[in-house]
Amino acid sequence: MQRLKTRPQFQAAMAGGTVSRTPHFALHRLALTAAAPAAADLPPEGPDASPMREGQALFVVPGSHPTVWLGAMVPKRWAKRAVTRNTIKRQIYQLASEFEPRLLPAAHVVRLRAGFDRKQFISATSEVLKQAVRAELTQLLRKACVQPAKPQAKASAPALAKGAPAPLPAVPAPAQSGMESA
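This structure is a prediction, so every number in the text was calculated from the model and none was measured.

Engineer: What exactly am I supposed to notice about the sheet that holds strand 4 (residues 69–73) here?
Structural biologist: Adjacent strands of a sheet pair through backbone hydrogen bonds, lying either parallel or antiparallel. Across the sheet, which stays open at both edges, the five strands sit in the order 1-4-5-3-2 with mixed pairing between neighbours. Looking along the sheet, the strands with just one partner apiece sit at the ends: strand 1 (2–3) and strand 2 (18–21). Across seven bridges, the pairing between strand 3 (residues 25–31) and strand 5 (residues 106–112) is antiparallel. Bridge assignment links L27 to a residue of strand 5, and that residue is V110. Contacting strand 2, strand 3 and strand 5, helix 5 (residues 127–144) runs over the sheet at an angle of about 30° to strand 3.

Listed below in structure tokens is the structure:
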């Protein structure tokens with residue numbers, strides 16, 4: 001996993017759109033394509049110069065294929081104390097590394113969008129705060145994970161189109177009860 005470091009990288013990833021939200025966090029993602037290195041070599045000019053191509057060029061590592069990029073934004077507005085901001089950032093990077101195999105090769109930014117109540121979480125590094133942050137981040141990252149392909153429910157539809165007989169549905173046997181109706 002690569003970390004976002006520059007302001008243009010963060011701006012490009014945030015321009016990609018919001019993928020998921022929780023009460024305190026938002027996850028932004030800019031999808032990276034395999035054609036990104038080729039786009040980086042071309043000058044951004046003419047009618048087909050798009051911000052997508054310019055954004056792609058920010059995430060090119062020579063000699064590698066697209067990978068997961070991650071950045072964490074924890075503004076002072078929502079976490080006044082530096083110790084709280086650093087604790088939240090550590091949680092973000094730690095959980096993201098656990099979810100990395102299931103994330104798309106893209107640039108992701110996890111942004112704190114609301115503050116945690118200081119009356120409820122008195123200590124900046126309390127276990128209660130860490131657990132609350134971790135629970136929300138887990139929920140946020142699960143929504144953004146690559147979902148495995150679901151098996152199609154109508155597998156018999158192609159067989160019907162070819163003229164094959166439809167399978168008969170199973171009919172359950174009537175239940176025997178002690179009381180018979182007259």
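Engineer: Could you clarify how one ought to interpret the nonpolar core in this entry?
Structural biologist: Grouped burial of nonpolar side chains is what soluble globular proteins tend to show. Formed by 25 residues in total, the largest nonpolar core has its most connected members in F25, I88, I92, V110, F116 and L137. Contributions of two or more residues to this core are made by strand 3, strand 4, helix 4 (82–99), strand 5 and helix 5. Not counting the four nearest positions on each side in its chain, L137 is found in contact with F25, Q91, I92, L95 and V110. With ten residues, the next largest nonpolar core counts L4, F10, L32 and W69 among its residues.

Engineer: Help me understand the pairing of strand 3, please; the structure alone is not making it clear to me.
Structural biologist: Looking along a regular strand, one sees side chains alternate from face to face of the sheet. Across the seven residues of strand 3, six count as buried, placing the element largely inside the fold. Examined bridge by bridge, strand 2 and strand 3 share three bridges and lie antiparallel to one another. When the bridges of strand 3 are listed, S20 appears paired with L27. The antiparallel pairing of strand 2 with strand 3 creates a hairpin that spans three residues between the two strands.

Engineer: Would you explain helix 5 in this entry?
Structural biologist: Given 3.6 residues to a turn, an α-helix orients residues that are three or four positions apart in the same direction. A rise of 1.5 Å per residue sets the reference length of helix 5, with its 18 residues, at 26 Å; its end C-alpha atoms lie 26 Å apart and thus fit the reference within 8%. Taken residue by residue, helix 5 has L129, V133, E136, L137, T138, L140, L141 and A144 as its buried positions. Contacts made by the buried residues of helix 5 are with strand 2, strand 3, helix 4 and strand 5.

Engineer: What am I meant to see in the packing of aromatic side chains here?
Structural biologist: We describe a pair of aromatic rings using the distance from one ring centre to the other and the angle between the two ring planes. Here the structure, examined in full by the defined rule, presents two aromatic pairs. Seen from their ring centres, F25 and F116 are 6.1 Å apart, and the 55° between their planes marks the pair as tilted. Taken as a pair, F25 in strand 3 and F116 in the loop between strand 5 and helix 5 lie far apart in primary sequence, 91 residues in all. For F116, a relative accessible area of 13% puts it in the buried group. Measuring from centroid to centroid gives 5.8 Å for F116 and F121, while their planes differ by 80°, and the two rings are edge-to-face. In this structure, F116 and F121 share a single accessibility class: buried. An aromatic cluster of at least three residues, connected via ring pairs, comprises F25, F116 and F121. When the ring centre of Y93 is taken as reference, the NZ or CZ atom of R3 above it lies at 3.6 Å.

Basis of the calculations
- Residues numbered from 1 in each chain as written.
- Predicted model: local features only at pLDDT ≥ 70, side-chain atom pairs only at ≥ 80, totals over all residues.
- Heavy atoms only, no water.
- Pairing = 2+ DSSP bridges.
- Helix = DSSP H or I, 4+ residues; strand = E, 2+ residues; numbered from the N terminus.
- Contact = heavy atoms within 4.5 Å.
- Axes fitted to C-alpha atoms, helices over the stretch in contact; angles between N-to-C directions.
- Core = buried A, V, L, I, M, F, W, Y, C linked by side-chain atoms within 4.5 Å.
- Buried < 20%, exposed > 50% of the residue type's maximum accessible area, 1.4 Å probe, protein only.
- Expected span 1.5 Å × (residues − 1).
- Phe/Tyr/Trp six-rings, centres within 6.5 Å; stacked < 30°, edge-to-face > 60°.
- Lys NZ or Arg CZ within 6 Å of the ring centre and 35° of its normal.

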